[in-house]
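# An overview of the molecular structure
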Amino acid sequence: MTIMTSLSPRALSAPESGIVEVVNYARGRDGLIPLWVGEGDLPTPDFITRAAAEALVAGETFYTWQRGIPPLREALARYYQRRFQKTLAPENFYVTGSGMQAIKLAIEAIASPGDEMVLLTPAWPNFAAAADLSGVRPVSVPLRFENGKWQLDLHRLESAIGERTRALFINTPSNPTGWTATQDDLRAILSLARKRGLWIIADEIYALYYYLGGRAPSFLDIMEEDDRILFVNSFSKNWSMTGWRVGWIVAPPAIGQVLENLIQYSTSGVAQFMQRGAVVALDEGDRFVDDNVAKARRNRDMLCDALIATNRVETLKPDGALYAFLKIDGVTDARRAAIDIVDKTGVGLAPGTAFGEGGSLFMRACFLRDPAQIAEAADRLRTYILGR
């Protein structure tokens, strides 16, 4: 028996990230414009880092509340009242070590090995991989792509539900497609979950990155108190805190002890000084978030307008999230195309093959960056596309 064969089959089956593969291939090149990962180019603003640094210097370095420090859970309640017009108690919130951990704990809380979870694809690959690692089979339901726009096929979603299905994973606004559920879509999905006795794991991390006005529709707008919904979220995108690895779950207080136990036996909580920064992000960061959203909207228009004008890219401007998901004429192998594009243009894109069923012919570009970089990337990509 070799070292590798002695490992868990579940661990061995964990796939390499198709995004990270391209990042590792080209990281550090001169003149590179990295649009491949889902983050902006601004560091965390000073008012947030200063609060964390002050708490660190003050000695807030001990074990802390597993569910999150009370001031952070209270700040989350204020944030939801302000941004979602939803009154929630601090007892509805559970602080996690990233949005990724929030997803993993949500899966562990409601599913057992051998169960299934249904997700809409193309999708951020980490959910399906996290389900697999928990012994839960992810079942893909592709969105429809017609005339450059992504749409939900409710009949296809319902047909994918089987006897072992425990939950629907709904990411809206969507990474990578930008598909954003209407309130009618959400009502239909919630009605289906109620009828079939399913949980919903709602990933609304991009809710404020919505380009049709205000924030995106949310299950919070239509749900009843007894609906089985776990909301997973993160500080990463709104406040430029991707490296902090702080997230949260919104859940019924009745399952609070279960979530606390899962946190205890995974990370035993998030560092208290980091949580102090998160409190300030929520309470003082609205202007920073609004500026980020406005920049993303302008960059979306700039990038999409330039590429659509080639008449060789099939896409429409996404309604939400941070990504242009591009179908380029002649691309039949997105992974190979991503390597070719970074070699010939110095623009890093994520291959659609990384996002599961329905994404293999597409390329993802994150547009939350300096507008000058987006303009340069659009020009390089336009030259590449027209020269194919």
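In the nomenclature of an unreviewed UniProt entry, the protein is known as Aminotransferase of Sinorhizobium fredii. For the protein, the Cofactor (unreviewed entry) comment in UniProt is given as "pyridoxal 5'-phosphate". Listed in UniProt under the heading Sequence similarities (unreviewed entry), the comment for the protein reads: "Belongs to the class-I pyridoxal-phosphate-dependent aminotransferase family."

As a further point, take the environment of Trp150. Locating Trp150 in the fold gives a position in strand E6 (residues 149-151). The class for Trp150 is buried, based on a relative accessible area of 8%. Sequence-wise, Trp150 and Thr177 are 27 residues apart; in three dimensions their C-alpha atoms are separated by 7.1 Å. Discounting residues that sit within four places of it in the chain, Trp150 has contacts with Pro122, Leu143, Arg144, Phe145, Thr177, Trp179, Phe325, Gly358 and Phe362.

One open sheet accounts for seven strands, arranged E2-E10-E9-E8-E7-E3-E4; its pairing is mixed. Both edges of this open sheet fall to strand E2 (93-96) and strand E4 (137-142), since each of them pairs with a single strand only. Pairwise comparison of adjacent strand axes, ignoring direction, gives a mean angle of 25° for this sheet. Here strand E3 (residues 116-121) pairs with E4 via six bridges, running parallel.

Mapped onto this structure's residue numbering, the UniProt feature "domain: Aminotransferase class I/classII large" (unreviewed entry) falls at residues 34-381. Here residues 34-381 is 39% helix and 18% strand, with 13 Å between the C-alpha atoms at its ends.

Structurally, the protein comprises domain 1 (16-44 + 286-387) and domain 2 (46-285). Relative to domain 2, the C-alpha centre of domain 1 lies at a distance of 25 Å. Taken together, the contact pairs 35 residues of domain 1 with 41 residues of domain 2. Across the domain 1/domain 2 interface, buried area totals approximately 3200 Å², and carbon plus sulfur atoms make up 55% of it.

Moving on: the packing of aromatic side chains. For the structure on display, the rule yields 18 aromatic pairs. Aromatic pair Tyr80 and Phe84: ring centres 4.8 Å apart, planes at 20°, arrangement stacked. Pair noted here: Tyr80 and Phe84 are both in helix H4 (residues 70-84), with a separation of four residues, about one helical turn. What links up through ring pairs into an aromatic cluster is the set Tyr79, Tyr80, Phe84, Phe93, Phe235, Trp239 and Trp248. It is Arg73 that lies over the ring of Tyr94; its NZ or CZ is 5.3 Å from the centre.

Cut-offs used in this document
- Residues numbered from 1 in each chain as written.
- Predicted model: local features only at pLDDT ≥ 70, side-chain atom pairs only at ≥ 80, totals over all residues.
- Heavy atoms only, no water.
- UniProt positions renumbered as here; feature names shortened; annotations may be inferred.
- Helix = DSSP H or I, 4+ residues; strand = E, 2+ residues; numbered from the N terminus.
- Buried < 20%, exposed > 50% of the residue type's maximum accessible area, 1.4 Å probe, protein only.
- Contact = heavy atoms within 4.5 Å.
- Pairing = 2+ DSSP bridges.
- Axes fitted to C-alpha atoms, helices over the stretch in contact; angles between N-to-C directions.
- Domains from an automatic or database assignment.
- Buried area = accessible area lost by both parts, 1.4 Å probe.
- Phe/Tyr/Trp six-rings, centres within 6.5 Å; stacked < 30°, edge-to-face > 60°.
- Lys NZ or Arg CZ within 6 Å of the ring centre and 35° of its normal.

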